[in-house]
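Now for the letters of each chain:
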Amino acid sequence: MRLYALCDQNLLDSRSILLEDYIRIAKEQNAEIIQYRNKNADILFIKQQLIKIRKIYDGFLIVNDAYELIDFCDGVHVGQEDLRLIDKDTLKAVKILREVVKKDKILGISTHNKEEVLQANEMDLNYIGLGAYRNTNTKDNVTTILGDTLDEIASLSKHYVAAIGGVKKSDKFSHVTYHVIGSGLFS
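Residues numbered from 1 in each chain as written. Predicted model: local features only at pLDDT ≥ 70, side-chain atom pairs only at ≥ 80, totals over all residues. Heavy atoms only, no water.

Novice: An account of the pattern of salt bridges is requested, with residue identities and associated values reported.
Specialist: Side-chain pairing between opposite charges can occur once the charged atoms of the two side chains come close. Here the structure, examined in full by the defined rule, presents 10 salt bridges. The shortest N-O distance in the salt bridge between Asp-124 and Arg-98 comes to 3.5 Å. You can see Asp-124 sitting in the loop between α6 (114–120) and β6 (127–131) and its partner Arg-98 sitting in helix α5 (residues 90–100), a full 26 residues away along the chain. Shared partners join several salt bridges into a network, and the residues in it are Lys-39, Asp-65 and Asp-82. (Salt bridge = Lys/Arg side-chain N within 4 Å of Asp/Glu carboxyl O. Helix = DSSP H or I, 4+ residues; strand = E, 2+ residues; numbered from the N terminus.)

Novice: Residue-level account of the pairing of strand β2 (residues 33–37), with values.
Specialist: β2 sits mainly inside the fold: 5 of its 5 residues count as buried. In β2, alternate side chains face the same way, and those of Ile-33, Gln-35 and Arg-37 on one face and Ile-34 and Tyr-36 on the other are all buried. Where strand β1 (residues 2–8) lies against β2, 5 bridges are found, and the strand directions are parallel. Looking across to β2, one finds that Leu-6 is bridged to Gln-35. Note on the crossover from β2 through helix α3 (residues 43–56) to strand β3 (residues 60–64): the handedness is right-handed. (Buried < 20%, exposed > 50% of the residue type's maximum accessible area, 1.4 Å probe, protein only. Pairing = 2+ DSSP bridges. Right-handed = clockwise from strand over helix to strand, strands pointing away.)

Novice: Now, about the nonpolar core: what can you tell me, with residues and values included?
Specialist: Grouped together as the largest cluster of nonpolar side chains are 50 residues, with contacts concentrated most on Tyr-22 and Ile-34. Ranked by residue count, the leading element in this core is helix α2 (residues 19–28), at 5 residues. Those residues within four positions of Tyr-22 in sequence are excluded, and the remaining contacts are Ala-5, Leu-6, Cys-7, Leu-12, Ile-17, Ile-181, Gly-182, Leu-185 and Phe-186. (Core = buried A, V, L, I, M, F, W, Y, C linked by side-chain atoms within 4.5 Å. Contact = heavy atoms within 4.5 Å.)

This is the structure:
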């Protein structure tokens, strides 16, 4: 199992967990990638958190959505809704993002079904997040639970696949590169 740790500021705040403690746990569990996600803060706070993480973690650091902070991390992850804010055509949105997120940086997007995975195959990406695998209480409004079909859909991707949404360390996949785990790191 290859670990992609999802460091969500709302989760940290709700459980009174320090950023440094989360990063320490992720490192102890050999996380290859840490994604920092903060849907509520201003850009300056997110930048400060990225700088803080970079000082204590030398693996791949991804920021969620805040592509204007690409210089402070190794890549960006963007959800479907956020892609549509860039351009209603997600293919165009990824092309626009690739202008900002250069080839030496990582670009990943969320996908939720076979159609989005096949469309992602036409995009200049490094990986896709695919899910949700199961229900999770750390993300609101999850409408699609893929369950056991996730691995089958993952087999259609030409990109690395990161399984998202309620993934546990013990889950077994054949076509998934990374287990994306947030709150599950504490169990």
